[in-house]
Amino acid sequence: MLKEKFAYYSLRDYLKGKYGRRVQKITVSLPFTCPNIDGTKAYGGCTYCFSGTRPAHLSPSVPLKTQIEEGIRRAKERYGRNILFFVYYQSYSNTYGEKDYLKSIYDTALEFDEVVGIDVGTRPDCAPEWVLDLLESYTEKGLEVWIEYGLQSANFKTLRFINRAHGVSDFVDAVLRTKRRNLKVCAHIILGLPFEDKEDMLETGKLLSALSIDGVKIHPLHIIKGTKMAQQYLNGEFKVLTLEEYAERAADIIEILPPNVVIHRLTGEVEEDRLIAPDYCTYKKKSEVIKAINEVLEKRGSYQGCKSAFVR
Ligand code: SF4
């Protein structure tokens, strides 16, 4: 739960509280695709998507075991040996595959004694019951299991504009079914999507609160070269949020989320040479964004849950 001295309940605090030491995520990349790209749901993908949001330094051609070993080695060099790990299956839709393949990749995490959990990113329309059964089976083997669903917005017109090719109802259905199990749900949302105002963004935060999700990743909309959204942005069809505007909106969301929701992320970043706008969505400026959000909360004298949309 949120400690008084923190303005919000960060993932780092949650993991430290649970495991008593630092827990580092190792992000891995596998040769997945997505039903919004391969034509099963739609073609072309979400209009802001570039390479399934895969960080440039990760390659799906490197064997998974090697990626995990390398991640552990680098983290120990940086943070010392007294740490534990989560394997984070990040790019594209990491539940969109045959059962045997999915089992083999999640099983790989079990080969490492210091791995205490897995974190699986996917779409809400890629979570049939057999996938949830499979994921839940890893909790019986001692792993903590998070499933991350992209929602991005609770406004269906926005979802249609950005070609998400799923509805708000798909997200609600996936969350309700997942929460019946011993699995934790993290939702991804984007603030500053085209034509959304403050009320739209608040409504997205309220939906997450109403569904009692366990965690959230909050990102500012950022425009990546080579995407459909880049063309629209460069044509002047919409603007992106300034750093000040983003910090205000992120603080609004933090205020309405219940205090036990774990904040996994408060910004988003890509390599400078891939970014069109806004200029604060780079690795270099990540701490500046966090600082700006903290300053807004401090100035308002507010904290996570102080305007909680739903009192339990
Ligand atoms: S669901 Fe994810 S991987 Fe698929 S197109 Fe959208 S952002 Fe890209």
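**Looking at helix α9 (residues 243-256)**
Helical periodicity: at 3.6 residues per turn, an α-helix aligns residues three or four positions apart in one direction. For α9, built from 14 residues, the straight-helix expectation of 20 Å at 1.5 Å per residue is met to within 8% by its first-to-last C-alpha distance of 20 Å. The buried fraction of α9 amounts to 11 of the 14 residues, a majority that puts the element mostly inside the structure. Turning to α9, its buried residues number three or more, namely L243, Y246, A247, R249, A250, A251, D252, I253, I254, E255 and I256. Here the buried face of α9 lies against β5 (184-191), α7 (198-210), β6 (215-220), β8 (262-265) and α10 (286-300).

**Topic: the site of the ligand**
Around the ligand there are 10 residues in total, and C34, G45, C46, C49 and R123 lie nearest to it. Of the residues that constitute the shell around the ligand, the class distribution is 6 nonpolar, 2 polar and 2 charged.

**Let's talk about the sheet that holds strand β2 (residues 84-89)**
A sheet is described by the order of its strands in space; here 7 strands give the open sequence β1-β2-β3-β4-β5-β6-β8, paired in parallel fashion. What marks the edges here is a single partner per strand, and that holds for β1 (23-28) and β8. Here the strands of the sheet are splayed against their neighbours by 25 degrees on average, with no regard to which way each runs. Pairing of strand β4 (residues 144-152) with β5 involves 6 bridges; the strand directions are parallel. Bridge assignment links W146 to a residue of β5, and that residue is K184.

**Here we look at the nonpolar core**
Counting residues in each nonpolar core, the largest one holds 71 residues, and the members touching the most others are Y89, Y106 and I118. Once residues within four sequence positions are removed from consideration, Y89 is found in contact with V28, L30, L64, N94, I105, Y106, A109, I118, D119, V120 and G121. Core analysis: the second largest hydrophobic core is formed by 12 residues, Y48, I190, L221 and A230 among them.

Cut-offs applied
Residues numbered from 1 in each chain as written. Predicted model: local features only at pLDDT ≥ 70, side-chain atom pairs only at ≥ 80, totals over all residues. Heavy atoms only, no water. Helix = DSSP H or I, 4+ residues; strand = E, 2+ residues; numbered from the N terminus. Expected span 1.5 Å × (residues − 1). Buried < 20%, exposed > 50% of the residue type's maximum accessible area, 1.4 Å probe, protein only. Contact = heavy atoms within 4.5 Å. Near = heavy atom within 4 Å. Nonpolar A, V, L, I, M, F, W, Y, C, P; charged D, E, K, R; others polar. Pairing = 2+ DSSP bridges. Axes fitted to C-alpha atoms, helices over the stretch in contact; angles between N-to-C directions. Core = buried A, V, L, I, M, F, W, Y, C linked by side-chain atoms within 4.5 Å.

That is the geometry; function is a separate question.
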